[in-house]
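Coordinate inspection notes
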Amino acid sequence: MVDRVSASITIGGTISHALWKSLTVAIAAEALSTDWDGEPFNDSDLTEGQPLRLYAHEVANGTFKELEPICEAHGVPFVRSSYGFTGQWGPEKVVFTGTGDPVIYPCSEDGTPYVDRAKIEALGSLAAVNAYLDEADFAVPPIVITNEAGEGASVVTPVALAQAVHVPPPLEIARMLALSTRHMSPATAANWMPHCPWTCFDKDDYGWFMHVCDDVGITEAKGVPAEIRSAIHVAKRENCAWIMWDCDGPQIDELPEYEW
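Residues numbered from 1 in each chain as written. Predicted model: local features only at pLDDT ≥ 70, side-chain atom pairs only at ≥ 80, totals over all residues. Heavy atoms only, no water.

Identification of the protein as DUF5983 domain-containing protein from Novosphingobium guangzhouense is taken from an unreviewed UniProt entry.

1. Examining the domain arrangement of the protein
When cut into domains, the protein gives domain 1 (4–146) and domain 2 (176–246). Measuring from the centre of the C-alpha atoms in domain 1 to the corresponding centre in domain 2 gives 40 Å. (Domains from an automatic or database assignment.)

2. Regarding the sheet that holds strand S9 (residues 200–202)
Read across the open sheet, the four strands follow the order S8-S11-S10-S9; overall the sheet is mixed. The two strands at the open ends of the sheet, each matched to only one other strand, are strand S8 (176–180) and S9. Here the strands of the sheet are splayed against their neighbours by 15 degrees on average, with no regard to which way each runs. Here S9 runs beside strand S10 (residues 207–211); their pairing, made up of three bridges, is antiparallel. Residue cysteine 200 lies in a different strand from S10, and its bridge partner there is methionine 210. Lying over the sheet, helix H8 (residues 226–237) contacts S8, S10 and strand S11 (242–246), oriented at roughly 130 degrees with respect to S11. (Pairing = 2+ DSSP bridges. Helix = DSSP H or I, 4+ residues; strand = E, 2+ residues; numbered from the N terminus. Axes fitted to C-alpha atoms, helices over the stretch in contact; angles between N-to-C directions. Contact = heavy atoms within 4.5 Å.)

3. Structural notes on the side chain of threonine 188
Structurally, the position occupied by threonine 188 is in helix H6 (residues 186–192). In this structure the side chain of threonine 188 is engaged in a polar contact, spanning 2.9 Å, whose partner is the side chain of serine 185. A polar side-chain atom of threonine 188 sits 2.6 Å from a polar atom in the side chain of glutamate 227. Ignoring anything within four residues of it in the chain, the contact list for threonine 188 reads Met193, Pro225, Glu227 and Ile228. (Polar contact = N/O pair within 3.5 Å; in protein donor to acceptor, adjacent residues only side chain to side chain.)

4. Notes on the pairing of strand S6 (residues 103–106)
Here strand S5 (residues 92–96) pairs with S6 via four bridges, running antiparallel. The partner of valine 94 across the bridge, within S6, is isoleucine 104. Between S5 and S6, which pair antiparallel in sequence order, lie six residues; one of them, glycine 98, sits at a positive phi of approximately 110 degrees.

5. A short note on unusual backbone geometry
Although it is not a glycine, glutamate 58 adopts a positive phi angle of roughly 55 degrees. What makes glutamate 58 exposed here is its relative accessible area of 54%. We note that asparagine 239 has phi near 60 degrees; this positive angle belongs to a residue other than glycine. Inspection of the secondary structure puts asparagine 239 in the loop between H8 and S11. (Buried < 20%, exposed > 50% of the residue type's maximum accessible area, 1.4 Å probe, protein only.)

6. Here we look at the layout of surface pockets
Rolled over the atoms, a probe as big as a water molecule pinpoints where empty space is left. The calculated volume of the largest pocket comes to roughly 1,000 Å³. Around the largest pocket, the lining is made up of 31 residues, and of these Arg4, Ala29, Ala60, Lys65 and Ile173 lie nearest the centre. Among the secondary structure elements, those contributing two or more residues to the lining of the largest pocket are helix H1 (17–29) and strand S3 (52–60). In terms of residue count, the dominant contributor to the lining of the largest pocket is S3 (five residues). Looking at the lining of the largest pocket, its residues break down into 17 nonpolar, five polar and nine charged. When residues are assigned to domains, the lining of the largest pocket turns out to be shared by domain 1 (4–146) and domain 2 (176–246), each giving three or more. Of the volumes computed, that of the second largest pocket is approximately 200 Å³. (1 Å grid on protein atoms, 1.4 Å probe; cavity = no way out; pocket = protein on both sides within 12 Å on 5 of 7 lines; lining within 4 Å. Points joined across faces, edges and corners; volume = space filled by probe spheres on them. Nonpolar A, V, L, I, M, F, W, Y, C, P; charged D, E, K, R; others polar.)

7. Points about the packing of H1 against helix H2 (residues 67–74)
Helix-helix packing: each pair is described by the crossing angle between the helix axes and the interaxial distance. Where H1 contacts H2, the two axes come as close as 9 Å, and the packing angle between them is 160 degrees. Relative to H2, H1 is oriented roughly antiparallel. When H1 is examined against H2, the residues Leu19, Ser22, Leu23, Ala26 and Ile27 are found in contact with a partner set consisting of Leu67, Ile70, Cys71 and His74. The class makeup of the residues in the contact of H1 with H2 is seven nonpolar, two polar and no charged. (Parallel < 35°, antiparallel > 145°, perpendicular 65-115°, else oblique.)

Okay, here's the thing in structure tokens:
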């Protein structure tokens, strides 16, 4: 399963109206809001003369995978702060000034960037350490939306944006793992599948569509065939919500095979 933590991001700078449309789609896809546990962001939440600060819980790997690449590709400055995940990574701050590459700064639990012995030795001087920490305090400029890119562009107010830009709700897309029915014993197919204790649909005479049940009390219960449990483990590892068992489906080495 993907590790998830709380994270926030602040973006700013001068952004064309067309680019803003792309950013708002990404913001909606990430389910971001202007406050922890707040309502989903909409254009009326913009405040003139300030950067845009956005928040979310349960962020996969602490990274906004939809929003950050767009900002980097179009030179939109941002600062992202993420909580640490025990045993995997610590709190961090990522600074992108609008040019170059984003820089990752390790942080203490309260979000303060720090330098360890190895980093101090690499920087080589107190002046360099101070410069490094100063760069971590990069202030994201106010966000300004313009009708077009370039000199002389007119500014679009938050109210006008809210009236002009309609952001469709994010699509909910589920991943599906396709497996050959050769990974299921004939006995399981004949005797257990018709009584599967979680959601499962016949696929005519070709197999089944099986939901990847999250309740381990059900999937690991006595009586659930070993090959079904193994397939569920693979599907969860690959972040799949469904398994499609198909007589012509692919076979994978890590699952058992049975003669039909």
